[in-house]
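Observations on the model geometry
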Amino acid sequence: MILNILKAIVFVACYLFLLVANEAQAFDEKKWSKIFLKKSDDYLVDDDSFYLSQGRDLRGEVKVLSQKLLETPEGNFNNHVACRFPARSHWLRKSQGKLEVGVPKFCKDYWSYRKSFNVDQLTLVFPTEYFGNPASMFGHTFLKLSNSQQEAMLGYSIAYGADISDKPGLVYAFKGVFGYYPGYLSVNPYYTSTNLYNDMEDRDIWELAIKTTPEKIDLLLKHLWELKDKKITYYFFSVNCSSLLLDILQNVDENISPKESERAFFFPMDMVISLRDAGMIEKQLYRPSMSSRLSRLSSNLSGATRKNEPQIREDFHKDGNLKSELYDLDLLLHYWSEKLRYDFKNGDIDRDTYSQKYLAVLGRLSKIPKPRKQTYTPSYSILNSRSPRLIGVGMQRIGGRSVQPVIRFRPANHGQDDPPYGFPIGSILNIFDSRVSFVSGKPILDTFTLLHLASWQQSTSLLRSFSWEVESSYERDNAGWLIGGALGKSKIISNKVQLSLLLGMAGSDVQDDRDRSLNIQLISRLRLRSGGFFSNSMLRLLQSKDNQKHVLQMQGGYMLDEESALLLSLKSFSEGKQQLSAAVNRYF
C-alpha cells in the first residue's frame, strides 16, 4: 500500500513538471472533434462515462482533462483519468509540446487489457458484398491486429456494427438510416471472423496490410480502450463499419486526410480507397470463398474429367476405386474435399456422411507423392477499384429531338455501364442513380434507378450456379416504372469476357397511357474489357399478353484516368426510337 502511494506521488510530481496547462495551445477544435467522434453538433458516443465535463463541451473536456491529470489518485486507481483515457492524455501532451510519460503502472485494468494484445501488425480486412443481408450489400470492413511471428489466422478482429434486434424490413431500414440503432466496437478471434464471412456467408475476403509503426499500434490500442463497451450511434450511410474505423485510424495516423470520412455517403470501398491513396497499403492477400474455390477447381479440371466426374465419384465412394492414370487426379480430390465441405455447410449431407467421405478423400489425397499446390488468383484487384460515387455530364439526342445537355449523379456503388475494374466482373449494385436532361432550359428526369442488384455466377457441368437480377427503375422514354427480376445462366469466358442470359418477370407502368402490365422478360448481357477499354451490351425483351417491347443498348467506354471515364451509348427502343449519348463520368 505504501509503495503504491509513493508511486502515485512520483507520478503526480512528473505531471506537475511536464504538464503546465496551456489551453490555447492545447485546443484545436477540429482535432478534438475527431478525437471525441463529433460530427457537426452530434456527439456519436452516447455514454456519460466517456466525458469529463458537463454538457459535453469540447473546450471544457480539454480543460477538465488537464486539471484531472494533476490530481493525486485516490481509492481505485483505475478510475484516474490517466488510466481511463490514455489516448486522450497522449494527444493533450502532444498538443502542449510535452514529453510522453506513458500510462502509469498502477492502471491495472488497462495493463491487463494490453497484455492480451501481443501484436505488431495492422491489417484492413474487406469481406466482399453480401446480398443476403441488406446491411452487408456494400461489403464490410474490420481491422485485424496480429503478430508477425504467429500463424496468419491468429490475431484479433476489431469491428464496429449496429446492435440490431429487428428483422430486415421498413422499420429496420428506417432505424438504420436515421441513427436509431446503437453501435459497439467488438473484439473477436480473427479465425472466427474469417469463418463467418469466408465460409458461413460465402464471401471473398481481401486482407490489406497497413503500413504502421509500434508507436501507432500502441496509440490505436489506447484509443480502442477508451471506446471499449461505449455506445456509438450508428448511421447506415455515414457512421458505419468503415467510416468509424477510418475516424479512429485518422486519430492515430496523420497521413490519412481528416476529410475522407466526412461524406454523407461513406461505404466500405471508400475506406479501401482512402488508405490506398494515402500510400498506406503495403500488400494484399486474397482469401477466396468456398464457392470461389469450387469454381476455380472445377474450371481447372479437364473436360473429360468433368464429364465423367459423377461416375468416378460414385465408384470411389462405393469401393474405393479411383483411376490413378487421371492426370488431374489431385485436382479432382481437392475439388471433392471442397465440395463436401460446401454441401455440409449448406445442409445437403449429414455429419456422418460428410465425415466418412471427407476422410476417404483426404486419405486418398495423402497417397499422391507430390500433389499440386492450389492457388487462387482473383479475377480483379481491389486496389484497382474506383470511388463508388459518380457525377457525369454529357449530351444526348433522342429520336428527332434536339441535342440536350444531361447531368447524372449516383451515390453508390457500381452499375451496368461502369468500368468493371476493381469489382467482380459478375456483379451490379446500383442505388439512387439519377439522370436529368434539360429541355428548353427546364430539367426533366430521364432515368432513376431506385435499386439494381445482379449476381452473375459462373456455371459449369459440375457447378449448377444460377445468376440473377432484380431491378426497380424509371425510364421516361421507355416503360415508365419497371419492377422485376430474372434468373438464368452466365458464362465467364475469361477475365475479360462475360455472357449472361436470364429469364424472369417484370411489371411496367407506361406513363403516357397508364398501361400497367405484367411481362415475361428476357435479359441478355455481354461485357467486355481490355486495357482501358470496356463495353457493355444489353438486350431486354418484355412480352405481355397484348404486345412486345424491347430495349437494345450498346455501350463503349474508355478510362481517361483512374477516376474518369468517357462513355458512348446507343439505345434502340421497340417503337423505332433511338437514343444516342456521350458523357464523361467522374468517380469521387
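Description of the structure in this document. Worth saying up front: this structure is predicted, and the values here are computed from it rather than measured.

Rules and cut-offs
- Residues numbered from 1 in each chain as written.
- Predicted model: local features only at pLDDT ≥ 70, side-chain atom pairs only at ≥ 80, totals over all residues.
- Heavy atoms only, no water.
- Helix = DSSP H or I, 4+ residues; strand = E, 2+ residues; numbered from the N terminus.
- Expected span 1.5 Å × (residues − 1).
- Buried < 20%, exposed > 50% of the residue type's maximum accessible area, 1.4 Å probe, protein only.
- Contact = heavy atoms within 4.5 Å.
- Disulfide = S-S within 2.5 Å.
- Axes fitted to C-alpha atoms, helices over the stretch in contact; angles between N-to-C directions.
- Parallel < 35°, antiparallel > 145°, perpendicular 65-115°, else oblique.
- Left-handed = near helix turned anticlockwise from the far one by under 90°.
- Nonpolar A, V, L, I, M, F, W, Y, C, P; charged D, E, K, R; others polar.
- Core = buried A, V, L, I, M, F, W, Y, C linked by side-chain atoms within 4.5 Å.
- Pairing = 2+ DSSP bridges.
- Patch = residues over 30% accessible without salt bridge, like charges linked within 9 Å, V, L, I, M, F, W, Y side chains within 5 Å.
- Areas by Shrake-Rupley, 256 points an atom, 1.4 Å probe, with all protein chains shown as cover.
- Salt bridge = Lys/Arg side-chain N within 4 Å of Asp/Glu carboxyl O.
- 1 Å grid on protein atoms, 1.4 Å probe; cavity = no way out; pocket = protein on both sides within 12 Å on 5 of 7 lines; lining within 4 Å.
- Points joined across faces, edges and corners; volume = space filled by probe spheres on them.

**Section: helix 15 (residues 329-345)**
In a regular helix each residue adds 1.5 Å, so 17 residues correspond to 24 Å; helix 15 covers 24 Å between its end C-alpha atoms and thus fits that length. Helix 15 sits mainly inside the fold: 12 of its 17 residues count as buried. For helix 15, the full list of buried residues reads Leu 329, Asp 330, Leu 331, Leu 332, Leu 333, His 334, Tyr 335, Trp 336, Ser 337, Glu 338, Leu 340 and Asp 343. Tucked into the core, helix 15 has its buried residues touching helix 13 (290-300), helix 14 (303-319) and helix 16 (351-366). Downstream of helix 15 by one or two residues, Gly 347 has phi in the positive range, about 80°.

**Considering the state of the cysteines**
Inspection of the entire model under this criterion finds 1 disulfide. A disulfide bridge connects Cys 83 with Cys 107, and the sulfur atoms are separated by 1.9 Å. Its S-S torsion of about -75° marks the bond between Cys 83 and Cys 107 as left-handed, since a negative value means left-handed. In this pair, Cys 83 sits in helix 5 (residues 81-84) while Cys 107 sits in the loop between helix 6 (86-95) and helix 7 (108-115), placing the two residues 24 residues apart along the sequence. Across the pair, Cys 107 and Cys 83 agree in class, each one buried.

**Re the packing of helix 14 against helix 15**
Any two packed helices are characterised by how steeply their axes cross, that is the angle between the axes, and by the distance between the axes. It is at 12 Å that the axes of helix 14 and helix 15 come closest, and there the two elements cross at 70°. Considered as vectors, helix 14 and helix 15 are oriented roughly perpendicular to each other. For the pair helix 14 and helix 15, the sense of crossing is right-handed. Along its contact with helix 14, which presents Thr 305, Glu 309, Ile 312, Arg 313 and Phe 316, the element helix 15 presents Leu 332, Tyr 335 and Trp 336. Partitioned by chemical class, the residues of the contact of helix 14 with helix 15 number 5 nonpolar, 1 polar and 2 charged.

**Points about the nonpolar core**
Counting residues in each nonpolar core, the largest one holds 80 residues, and the members touching the most others are Trp 32, Leu 143, Leu 145, Leu 249 and Leu 275. Considering every element that reaches this core, the biggest residue donor is helix 10 (residues 214-227), with 7 residues. Excluding anything up to four places from it in sequence, Leu 145 contacts Phe 117, Val 119, Gln 121, Leu 122, Gly 155, Tyr 156, Ile 158, Ile 217, Leu 220, Leu 221 and Leu 224. By size, the runner-up hydrophobic cluster in this structure holds 20 residues, among which are Leu 294, Leu 297, Leu 333 and Tyr 335.

**Here's the deal with the sheet that holds strand 4 (residues 142-146)**
Strand order in the open sheet made by the 7 strands is 8-6-5-4-3-7-9, with antiparallel pairing throughout. Every other strand in the sheet has two partners, leaving strand 8 (232-234) and strand 9 (281-287) as the edge strands with one partner each. Taken pair by pair, the neighbouring strands of this sheet meet at an average axis angle of 30°, ignoring direction. Contacts from helix 9 (residues 190-200) reach strand 3 (121-127), strand 4, strand 5 (156-162), strand 6 (181-189), strand 7 (205-210) and strand 9, with the element oriented near 115° to strand 6.

**Topic: a nonpolar patch on the surface**
Taken together, the side chains of Val 393, Ile 407, Phe 533, Tyr 558, Leu 560, Leu 566, Leu 568 and Val 584 define a hydrophobic patch exposed on the protein surface, amounting to about 710 Å² of accessible area. The set of elements that each furnish at least two residues to the nonpolar patch consists of strand 20 (548-561) and strand 21 (564-573). For Val 393, the location among the structural elements is in strand 10 (residues 390-398).

**Observations concerning the layout of surface pockets**
For the largest pocket, the calculated volume is near 1,300 Å³. Per-element accounting of the lining of the largest pocket gives the leading share, 7 residues, to helix 13. Taken together, the residues of the lining of the largest pocket sort by class into 18 nonpolar, 18 polar and 12 charged.

**Some remarks on empty space enclosed by the protein**
Counted by the stated rule, this structure contains 6 cavities of 30 Å³ or more. Volume-wise, the largest cavity comes out at about 680 Å³. Lining the largest cavity are 42 residues; nearest its centre among them are Gln 416, Thr 447, Glu 475, Gln 553 and Lys 571. Split into classes, the residues belonging to the lining of the largest cavity amount to 14 nonpolar, 16 polar and 12 charged.

**A word on the pairing of strand 10**
Judged by which residues are buried, strand 10 turns out to be one-sided: Leu 390, Gly 392, Gly 394, Gln 396 and Ile 398 face inward and are buried, whereas Ile 391, Val 393, Met 395 and Arg 397, on the alternate face, are not. Relative to strand 11 (residues 404-410), strand 10 runs antiparallel, the two sharing 7 bridges. In the strand pairing of strand 11, Ile 391 is matched with Phe 409. Two successive antiparallel strands, strand 10 and strand 11, enclose a turn made up of 5 residues, where Gly 399 displays a positive phi of approximately 60°. In the sheet, strand 10 pairs with strand 22 (residues 578-587) via 9 bridges, with the strands oriented antiparallel. The partner of Gly 392 across the bridge, within strand 22, is Asn 585.

In short, shape yes, function no, at least from these values alone.
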